[in-house]
Each structure stands twice: as C-alpha cells, then as structure tokens.
Amino acid sequence: MIRPDAPVLLEIRDLTARVEDQPILKGVSLTIRAGEIHAVMGRNGSGKSTLSKVLAGHPAYTVTGGTVRYMGDDLLSLEPELRARAGLFLGFQYPVEIPGVSNLEFLRVATNARRAGKGEEELDTFAFEDLVRERLQVVQMDPAFLERSVNEGFSGGEKKRNEILQMALLEPLVAVLDETDSGLDIDALRIVAGGVNHLAGPDNATLLITHYQRLLDVITPDYVHVMAAGRILRTGGKELALELEERGYDWVDAELAALERTPAEVG
Amino acid sequence: MVAASLSTPTAAAAAAAGSWVAALLANATGGADALAASRERAAQALAQTPLPSRRVEAWRFTDLAPLTAVKPTLLSPAPGAQPETAAGSLRLNLDGHSDPLAGISLPAGLEPIGGDELNATLGQVLAATGSAELWPVLLNGATARNVLALRVRGTVATTLELVSDAGAGEGILPLRLLLVLEPEASLEVLQVHRSSGANLTSVVLEARLGEGAELRHGLLASGAETGCLLATVAVEQATGSRYSGVSAHGGWALGRLEPRLVQSEGAAHSALKALQLADGRQISDTHSQMVFEGPDGRLEQLHKAVADGQGRSVFNGAVKVPRLAQRTDAAQLSRNLLLSDRARIDTKPELEIVADDVRCAHGATVSRLEQDELFYLQSRGIAADQAARLLLRGFCEEVLQELPEAARPWQPLARLLGEQGR
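Below: a short report on this structure. Just so it is clear, the model here is predicted, and its values are computed rather than measured.

**As for the pairing of strand β14 (residues 298-307) of chain B**
Residue and element names in this part refer to chain B.
No. 1: In terms of burial, β14 is a largely internal element, eight of the ten residues being buried.
No. 2: Here β14 runs beside strand β16 (residues 329-338); their pairing, made up of ten bridges, is parallel. Paired with A305 across the strands is N336, a residue of β16.

Structure below.
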C-alpha cells in the first residue's frame, strides 16, 4: 500500500559493496516507506542477494560507499544482531542448518532478543510455547519441527516455512526476503506467500528479492525494481514484473550496455 | 610445574619420574586383600616399565608432567555432594577403599563375582584386548585395593551408576571394575568421575559380552585444573553382542581415555561416541583401539573434540581388520572444533586393513565455528558471543544427548563447560 506521507523505514543511497576484491553493488538507491511491498528482480549475479546480505550485515561483504538509513539511524554502523533487534529481518535463500541446537530454543532466544530491542520483557518458556504454537499456524507448520535441531534435515519447503515462522515471531519492521520462493513447490509457495501477506501491514514493509514472477502472482508488490550489474536499472509498478516475465531479461542487458557506454553514468 | 623440555626430558626429569613410581609403589603395595597377589605382579611390571615419554608414539602428544605432579600416595576421598539419582538407576559410590555393595540390594539379574572365579576372570579381557601391559593399566593394577565385579544375567532394567569423586585431596584414586554379561544379557552402566584437586583418578573397566549380550555404557568425567584422569575401557565381544560406549571428558590437566574393543569372533556391533574438551592448559586425549578377530563385524565411531585457550586435544583411533575379518563394516569420524589460535588439535585415524572385502570409512575435520552459522544466529538478534556459545553447546550436545538417561541429573553440558550454578 503506497501512502506518500507514510514514514520512511529504509533509505538506501548510492550503496556500493564488494566481496573480497570483487565489486558487486555499484550504486544502489532505494527508499522504502511503511506499508509498502517492494520487489527486486534480476538475473543471477545481478547483485540482488548481495544487497540483502549487506543490509543484514554479513561479514563477508564490505561496504565501500553510500549510506543506509534505517528509521533515520545509520544502519551500516550496527552489528548484525543490533539490526535484527531493531526490527530488520533477513529471510535466507539458504537457511543454515545448526546441528545440536534445538529449533525451539533458537526461536525463543531470538524472540527474546527482539523483544528486548523493542523494550518488552522476555517471555519465559511457557509463555513462549503459547506464542510459538499460535504463530505456527501462520505457516501451517507441524509442531514436531520445534523439537528438532535448527533446519537440520528439513526439506527446502520446511526451511522456508521456518524462516517465515521466525518472521512471525520477530515481527520485523522491514523484512528482506531473499529468494523465498526458490525450491518451493506450488503448495509450499502458497503457504509461505500466505504467511508473508498475513504479516504485511501498514506499519511494516517487505522487500522481496526474487528471480521469478510466480511469487508476485501471490504477493502483489507496490514497486518492482529491476537490478543488473549491481544497480537498479528501472523502477515501476507490478506491471514491470509482468513485462519481465513476457520479454525476459534480454532488454535489461541491452539497457545496461547502453548505460555502460555513457561515461557520465560510469564510476 | 614446567618441564625443562617437552620433547626430550632431561635426565633429571626422567629420574624424578622414576622416583615418582618408586615412591608410589612404596606407599601403595602390601596388604592382604583379594587383589594382593595380582597387585604385587603389576607392581613388579610397573617398576620395570619406563614412564611413558613423548618419544613413545602412543604418548607423543601427551605430556605426563601434570600426572607426576600428583602426590604419589593413595587417596581416601571423603564423600562429596551429589545430585539426586535419576529414576530407574542404582548409584554405587566408589572410593577405592570401602565395598561399594555394602548395604546395597542389587536388582534382579546382577550378582557379585568373588573368590576363585574373580581371580580366574580378572585380567582376561585386558589380555584379550592387548591392554594388560598398558602403563595406565599397570599403574591401576599396582595400586587398586578392591574391585567391583558383577555378573549380569537377563535384562537388567535398572541403570547402574558408578560414581567417584576424588575431591580436593592429593593422591591417587585407583578404581577397578569388572562386568561379565552372560549370553543375551542386557545392561546400562554410567560411570561418573569427578575431581576438584591435584589428584589422579585411575579407572580400569573390563567388560565381557557373551553371545547376543548388550551393554550400553556411558562415561562422564569432569576434572579440575590440576586433576588427572587415566581411564581404560576394555571390552571383549562375542558374536551377536552389542556394545555402545558414549563418553565425555574434559576439565582435566591431563585426561586420557583408552577404549580397547575386540570382537573376538567378529559379527558383533560396536559403537563409540565421544566428546572431549581442553581449555586453559589442559590435555584431553583419547586413544581408541578396535580389533576385529572374525568376519562381519561393525563399528560406528564418532569422536568430537573442542580445544580452546592453550588446550590440547589428542585423538588416535586404531582400527585393525586382519585377513580373517572379511566383510567388516567400520566407519570412523573425527570432528574437531578449534576455538583459539593457541589451542592445538592432533587427530589421527590408524587403520590396519588386511582383509580385502571390507568397508572402512574414516574422516577427520578441524574447523572453527562456521561463519555462516554465526551470522545466521546474529541475524536473528543473538549477540556474537551468545551465538558462539549456542553453536558450541550444539556441537557438544550431539554426543551428550546419547549418554544414558541417568547422566541427566549430573548436567553433563554445564559440568563440562564449567557453567554449574549459572
């Protein structure tokens, strides 16, 4: 939902970043207001996953320029855990398996860290069990998954449901969902997308990073951004995603090539 | 105590070590109990066996200095505080002197072995597993005053909990255990050994498993900065038997565990799961040996280690598959977590395979905490140090959760990570 007067939650300006010696982001600018759903689309290697990891503070990526303001504060100066406690959430493309750490314990510690960030008191084991059982319904997840190690032996769909369960518990202000649709069959996609729709509200915002239109058939974005070679090439409404679906990414390559020939735009 | 040189002990240090054994023997031999004769034999052998030095392969990475710093005398520990016993388990306290069975009514299926039969049986499993001449076994044989010897018939529903606490006193606590499982017998045993001072807990368990017998064995040993542990677990398995050993030791200045298994006719199942921790300047060592003396045997072995501070972890896993042990299926995995730049991990599989139709897999990994795992936890609001703690606990739990249920009141994880009372 677009409301021009809604508060700005995330403001990315001319962001550049590299991994090892490889520049990946080459000047990304994006403004996200409360209530909005944004989609970033692009080919593999366009930098869209890097954008999500940089926002969450992954140590393998180095920011080389630009700014990111989150709720008016400098996001990039915060440790990853402080970003999370302040309400930034990254849904992983490949959720990590952690043998020996119980999913329930992990969810409780994470939820309490976020609650502390909001100035709320910690939930004890019993209160948390009640909460988690209620939130399980958002993703129609079997409570048996709480007793297992974090993501260990989960199928692709189960891992993604576990991500959305975490989102339901952490109640983020800005959720960045990296390729949440990848590896999902159509039923799992519907459940996961249903969870995202359920959690989206006027006070929070969602940034979907995706390769395919099919996620956007079930979650309607307010804005679609097309990314290539580390920049946002074009921004439009949901019809831009349909255009991409129809025409493929070849026109993006052509547009990019034209851009690279324009000296003023380079560097 | 600092040795002048670790790899080549000086003559003075060697002489001091020799006099340590001499002093110990002077203090520990004599007496007229049932073990007197075998103790005398072991004492003579010990006197003629040089103290293990780092020039011997089996002790190459394991410095004995913390051990020879222990006062060479027998220890009589006073009973310490203990948690409640878990439901369904029987706790026997071992102090090296008193009879652990005094005033105890044993559950159905367990009976003491004594007299001539004890003398005839004791040491047989040590011989069968090639353990009789090991220095820690000789040391135990030369000092132990009594033995807890039990025969097992049928399925024993009660878990046997064998508990010692060397406490804060100085000296040596020798413990000797013998279990004879009749064919088709089944038993669960948990050993718990603790120390809070400059002492040595020396424990030797012999277990003979008859055909089709099953022994589920746990060993939890947590020490103090100056305490030492030398534990030998010798197991002889007849066909169709199952032995499952789950061990966790850490916190000892020197803690060494030697599981020695033989499947005397093959066609048995052996499983070893172990966790060892070394922090500070501690040494945690496991030397395991599995011998298949017949075909169709199986081994599943997982050994995990954590080294932090200037701790040192040593694992040597020998698996012997002679020609007659065809169709052996053995898998060994060593997984190690290195948490500090100054810690050290030595891990070595030692496979001797002569039979040609076998499956023997082995692997070893040494790593730090996974960056991706840490980041995943941090991205959920969990601070880096807490995330590291969670990952470490997860690494340990994979083994600890396999300990017998009776271990739960002892809080193995908190005990080994030094978190009691938190």
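Now that the structure has been shown, we can carry on.
**Overview of the packing of helix α7 (residues 371-378) of chain B against helix α8 (residues 384-400) of chain B**
Residues and elements named next belong to chain B.
No. 1: Packing of α7 against α8 brings their axes to within 9 Å, and their N-to-C directions diverge by 125°. Relative to α8, α7 is oriented oblique. Crossing handedness for the pair α7 and α8: right-handed. In this structure, α7 uses E373, L374, L377 and Q378 to contact α8, whose residues at the interface are A384, A387, A388, L390 and L391.
No. 2: Its residues assigned to classes, the contact of α7 with α8 comprises seven nonpolar, one polar and one charged.

**A word on the sheet that holds strand β3 (residues 148-152) of chain B**
Residues and elements named next belong to chain B.
No. 1: Spatially, β2-β3-β5-β7-β9-β11-β13-β15-β17 is the arrangement adopted by the nine strands of the open sheet, whose pairing is mixed. Of all the strands in the sheet, just β2 (110-112) and β17 (344-353) have a single pairing partner and so form its edges. Between one strand and the next, the sheet's axes are offset by a mean angle of 10°, whatever the strand orientation.
No. 2: Inspection of the sheet shows strand β9 (residues 228-237) paired to strand β11 (residues 254-263) by ten bridges, in the parallel sense.

**Considering the interface of chain B and chain A**
No. 1: Between chain B and chain A, the residue contacts involve 19 residues of the former and 31 residues of the latter.
No. 2: Interface of chain B and chain A: buried area, both sides summed, is about 2000 Å²; carbon and sulfur atoms make up 67% of it.
No. 3: Put simply, chain B and chain A have one salt bridge between them.
No. 4: Counting across the interface, chain B meets chain A through ten residue pairs in polar contact (both at pLDDT 80 or more).

**A short note on the nonpolar core**
Nonpolar side chains in soluble globular proteins tend to be buried together.
No. 1: Among the nonpolar cores identified, the biggest contains 89 residues, and A:L10, A:I12 and A:L55 are the most heavily contacted of them.
No. 2: The greatest single-element share of this core, amounting to six residues, is contributed by helix α6 (residues 156-170) of chain A.
No. 3: Every residue in contact with A:L10, bar those within four places of it in the chain, is listed here: A:L30, A:T31, A:I32, A:L55, A:V68, A:R69, A:Y70, A:L75 and A:V174.
No. 4: One finds B:A207, B:A213, B:A325 and B:A355 within the second-largest nonpolar core, a separate group that totals 46 residues.

**Comments concerning helix α3 (residues 103-117) of chain A**
All names here are of chain A.
No. 1: Taking 1.5 Å per residue as the helical rise, α3 with its 15 residues ought to reach 21 Å, and the 21 Å between its terminal C-alpha atoms agrees with that figure.
No. 2: The element α3 is largely enclosed, with a buried count of eleven among its 15 residues.
No. 3: Of all the positions in α3, only N103, L104, F106, L107, V109, A110, T111, N112, A113, R114 and R115 are classed as buried.
No. 4: At the exit of α3 stands G119, carrying a positive phi of roughly 80°.

**With respect to the packing of aromatic side chains**
No. 1: Enumeration according to the criterion identifies four aromatic pairs over all chains in this entry.
No. 2: For the ring pair A:F92 and B:Y376, a centre distance of 4.8 Å and an interplane angle of 85° mean the geometry is edge-to-face. Here A:F92, found in the loop between β6 (88-91) and β7 (98-102), pairs with B:Y376, found in helix α7, and the two come from separate chains.
No. 3: A relative accessible area of 0% places B:Y376 in the buried class.

**Let's talk about the sheet that holds strand β1 (residues 89-93) of chain B**
Picture the strands of a sheet paired through backbone hydrogen bonds; they go either parallel or antiparallel.
All names here are of chain B.
No. 1: If you walk across this open sheet you meet the nine strands as β1-β4-β6-β8-β10-β12-β14-β16-β18, and the pairing is parallel. Strand pairing shows two members of the sheet lacking a second neighbour, β1 and β18 (359-367), which therefore form its edges. Each adjacent strand pair in this sheet contributes to an overall mean axis angle of 10°, direction not counted.
No. 2: Relative to strand β8 (residues 214-222), strand β6 (residues 186-194) runs parallel, the two being bridged by nine bridges. Across the sheet, L190 pairs through a bridge with G218, a residue of β8.
No. 3: α8 contacts β10 (242-250), β12 (269-278), β14 and β16 of the sheet and is inclined by roughly 150° relative to β14.

About the thresholds
Residues numbered from 1 in each chain as written. Chains lettered and ligands numbered in written order. Predicted model: local features only at pLDDT ≥ 70, side-chain atom pairs only at ≥ 80, totals over all residues. Heavy atoms only, no water. Buried < 20%, exposed > 50% of the residue type's maximum accessible area, 1.4 Å probe, protein only. Helix = DSSP H or I, 4+ residues; strand = E, 2+ residues; numbered from the N terminus. Pairing = 2+ DSSP bridges. Axes fitted to C-alpha atoms, helices over the stretch in contact; angles between N-to-C directions. Parallel < 35°, antiparallel > 145°, perpendicular 65-115°, else oblique. Left-handed = near helix turned anticlockwise from the far one by under 90°. Contact = heavy atoms within 4.5 Å. Nonpolar A, V, L, I, M, F, W, Y, C, P; charged D, E, K, R; others polar. Buried area = accessible area lost by both parts, 1.4 Å probe. Salt bridge = Lys/Arg side-chain N within 4 Å of Asp/Glu carboxyl O. Polar contact = N/O pair within 3.5 Å; in protein donor to acceptor, adjacent residues only side chain to side chain. Core = buried A, V, L, I, M, F, W, Y, C linked by side-chain atoms within 4.5 Å. Expected span 1.5 Å × (residues − 1). Phe/Tyr/Trp six-rings, centres within 6.5 Å; stacked < 30°, edge-to-face > 60°.

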